[in-house]
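Chain residues, written in single-letter form:
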Amino acid sequence: MASPSGNQITIRRPDDWHVHFRDHAMLDVVVPFTARQFARAIVMPNLTPPVTTIENAIAYKARIMAAVPSGIPFEPLMTCYLTDTASADEISSGYRGGVFAAVKMYPANATTNSAAGVTDIANVRGVLERMQEDGMPLLIHGESTDPAIDIFDREACFIERTMTPLIKDFPELKIVFEHVTTEDAVQFVEARQSQAPGYMAATITAHHLMINRTDLFRGGMRPHLYCLPVAKREKHRLALRRAAISGPGPFFLGTDTAPHARTAKESACGCAGVFSAPVAMEAYTQVFDEEGALDHLEAFASTNGPAFYGMDVNETTLTLEKSPGADVGSVFSSNGEEVVPFLSDEGTTWRCV
Ligand code: NCD
Ligand code: ZN
């Protein structure tokens, strides 16, 4: 269906397979940015307290739906936050009942609101066995939490110490390696795809396709570009670009849009997260355009994800056009907190029609 024609492209409506909507005043202001361009979104459960039950997920979904502008068709796909004490029965019945689309695993203390995460895979074996039986996807924040490991090596370390044993022990568990940031992860996912197609996929953020670790310090510290996993060297960014534009396969779109108040980002201990929802498809399209790969944007944004999750593709479309210099302004929540979006310095070169 993709029809790139120079300065315009129309694709099947995309989905965002990794978003943070937060809650309350922040949720109300950020949801419309995602709903305006994506048909569905996998919603991260790292609220305080986290979403760990069917009941919590149903209530959270209702709050999200209340924030969707009227007349816009949008479906939040809910996830369950995995803890050491999670119940396999609760997770399985949430999946079979259509409440949970997936389970999210944060290694304890790997990132924002992950303190209740998994301290040892051994503690969740029963849950993983049931998920494997049910065909329920496990979404993994793939970073080692060993404080001795250099922050730029945490993803590669996770592959060696956790992901490799995990796929040996659960060879038919469907896994999404979330927001990959390294060439190591790209190669790992490619190898897995060639050995056991359909069991592992990976999401890639727009910001990791656009920035490398040097950009975090360009002209001074850039707290709004700080996220986890942190951006890596240029060779890794280029590997992510090659994966994203590779067409039908295991790589698909997940923005990891993660809004935080400006005051929480611009602080002595600024928190991790890039708020990219206001520029998401614009940024991805710019990357594919730069790569001369607009004909593969639809696979990455609109069809690879549904294929992995076993869902239908969207029948509606989204059109973007080249429009140099579109400004990106700050966003304000209803309680007055300012959130600074990705690309608010430089603007976007594409816009949604
Ligand atoms: C996310 C957040 O703020 O919730 N932050 C981030 O840097 N990506 C958590 C996460 O996905 O790691
Ligand atoms: Zn995230």
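Just so it is clear, the model here is predicted, and its values are computed rather than measured.

Draft legend 1. Seen up close, the sheet that holds strand E13 (residues 348-352). The strand order E1-E10-E13 describes an open sheet built from three strands, whose pairing is antiparallel. Across the chains shown, the open sheet's two edge strands, defined by having one partner strand only, are strand E1 (8-12) and E13. This sheet shows a mean twist of 35 degrees between the axes of neighbouring strands, independent of strand direction. With four bridges joining them, strand E10 (residues 317-326) and E13 adopt antiparallel strand pairing. Residue pairing for E13: Lys322 is matched across the bridge by Trp350. In the packing of helix H10 (residues 280-290) onto the sheet, the strands contacted are E1, E10 and E13, and the crossing angle to E13 comes to about 120 degrees.

Draft legend 2. Broad picture of the site of ligand 1. In the vicinity of ligand 1, 15 residues are found, and the nearest of them are Arg22, Thr111, Leu228, Asp256 and His260. Arg22 is positioned such that a nitrogen or oxygen atom in its side chain is 2.7 Å from an oxygen atom of ligand 1. Asn46 is positioned such that a nitrogen or oxygen atom in its side chain is 2.8 Å from an oxygen atom of ligand 1. Protein chains bury 100% of the 310 Å² of accessible surface belonging to ligand 1 in isolation. Here the shell around ligand 1 is composed, by residue class, of four nonpolar, nine polar and two charged.

Draft legend 3. Here's a closer look at the environment of Ser330. The topology assignment puts Ser330 in the loop between E10 and strand E11 (331-332). Looking at Ser330, the relative accessible area reads 34%, which means it is partly exposed. For Ser330 and Asp184, which are 146 residues apart along the polypeptide, the C-alpha to C-alpha distance reads 35 Å. Other than its neighbours up to four places away in sequence, Ser330 contacts Arg262, Glu338, Val339, Val340 and Pro341. Within the local environment of Ser330, its side chain forms a polar contact with the side chain of Glu338, the two groups lying 2.5 Å apart.

Draft legend 4. Region of interest: helix H6 (residues 183-195). Taking 1.5 Å of rise per residue, 13 residues should cover 18 Å, and H6 covers 18 Å from first to last C-alpha, within 8% of that figure. Along H6, the positions that sit buried rather than exposed are Ala185, Val186, Phe188, Val189 and Arg192. Looking down the long axis of H6, one finds its buried residues gathered within 165 degrees of arc, a one-sided arrangement. Opposite the packed face of H6, turned more than 90 degrees from it, sit the exposed residues Ser194 and Gln195. Taken together, the buried residues of H6 touch helix H5 (154-169), strand E7 (175-177), strand E8 (200-204), helix H8 (234-244) and strand E9 (251-253).

Draft legend 5. Structural detail: the pattern of salt bridges. Scanning all chains against the criterion turns up 19 salt bridges. When the shortest N-O distance is used, the salt bridge between Asp146 and Arg161 registers 3.0 Å. Linking Asp146 in the loop between strand E6 (138-140) and H5 with Arg161 in helix H5, this pair joins segments that are 15 residues apart in sequence. For Arg161, a relative accessible area of 46% gives the class partly exposed. The partner of Arg262 in a salt bridge is Glu338, and the shortest N-O contact between them spans 3.0 Å. Placement of the pair is Arg262 in helix H9 (residues 262-265) and Glu338 in strand E12 (residues 338-339), with a sequence separation of 76 residues. Exposure remark for Arg262: the relative accessible area of 29% places this residue in the partly exposed category. Several salt bridges share partner residues, and in doing so they unite Glu183, Lys235 and Arg242 into one network.

Draft legend 6. Focus on the nonpolar core. Counting 96 residues, the largest nonpolar core has Phe21, Leu82, Leu128, Leu138 and Met281 as the members making the most contacts within it. When neighbours within four sequence positions are excluded, Phe21 is seen to be in contact with Met26, Leu27, Val30, Val31, Thr34, Val43, Tyr60, Ile64 and Phe74.

Draft legend 7. A look at H8. Looking at H8, one finds that the buried residues are His236, Arg237, Ala239, Leu240, Arg241, Ala243 and Ala244. Taken together, the buried residues of H8 touch H6, E8, helix H7 (206-210), E9, H10 and helix H11 (297-309).

Draft legend 8. Spotlight on unusual backbone geometry. The omega torsion of the bond from Thr48 to Pro49 falls at -5 degrees, within 30 degrees of zero and hence cis. Within the secondary structure layout, Pro49 lies in the loop between strand E3 (40-43) and helix H2 (54-67). Residue Pro229 follows Leu228 across a cis peptide bond; omega there is -5 degrees. Following the sequence through the fold, Pro229 ends up in the loop between H7 and H8.

About the cut-offs
Numbering of residues begins from 1 in every chain and follows the order in which that chain's sequence is written. Written order determines the labels here, with chains lettered from A and ligands numbered from 1. Owing to the predicted nature of the model, reporting of local features is limited to residues with pLDDT of at least 70; listing and counting of side-chain atom pairs is limited to 80 or more, with chain, interface and lining totals taken over all residues. The side-chain quantities take in all heavy atoms of the structure and omit both hydrogens and water. Only strands that DSSP links by at least two bridges are regarded as paired with each other. Working definition: helices are DSSP H or I runs of at least four residues, strands are E runs of at least two. Numbering for both runs from the N terminus. Helix axes use the C-alpha atoms of the stretch in contact, all axes being lines fitted to C-alpha atoms, and the angles between their N-to-C directions lie in the range 0 to 180 degrees. Contacts between residues were defined by any pair of non-hydrogen atoms, one from each residue, lying within 4.5 Å. For this purpose, a residue is taken to be near a molecule or strand whenever a single non-hydrogen atom of the residue falls within 4 Å of it. Any pair of nitrogen or oxygen atoms within 3.5 Å is treated as a polar contact; in protein, a donor-acceptor pairing is required on top of that, and neighbouring residues in sequence qualify only through side-chain atoms on both sides. Areas reported as accessible are Shrake-Rupley estimates using a 1.4 Å probe. Residue values count occlusion only from the protein chains shown. Charged residues are taken to be Asp, Glu, Lys and Arg, nonpolar residues to be Ala, Val, Leu, Ile, Met, Phe, Trp, Tyr, Cys and Pro, and polar residues to be all remaining types, Gly included. Only protein chains enter the calculation, and the probe is 1.4 Å; a residue is then buried if its accessible area is under 20% of its type maximum, exposed if over 50%, and partly exposed in between. Given a helix with a known number of residues, its expected span is that number minus one, times 1.5 Å. The arc under discussion is defined with respect to the helix axis, by the directions toward the C-beta atoms. The term salt bridge refers to a side-chain nitrogen of Lys or Arg lying within 4 Å of a carboxyl oxygen of Asp or Glu. Among buried residues, those of type Ala, Val, Leu, Ile, Met, Phe, Trp, Tyr and Cys that are joined through side-chain atoms within 4.5 Å constitute a nonpolar core.

It is worth stressing that arrangement in space is one thing and function is another; only the former is reported here.
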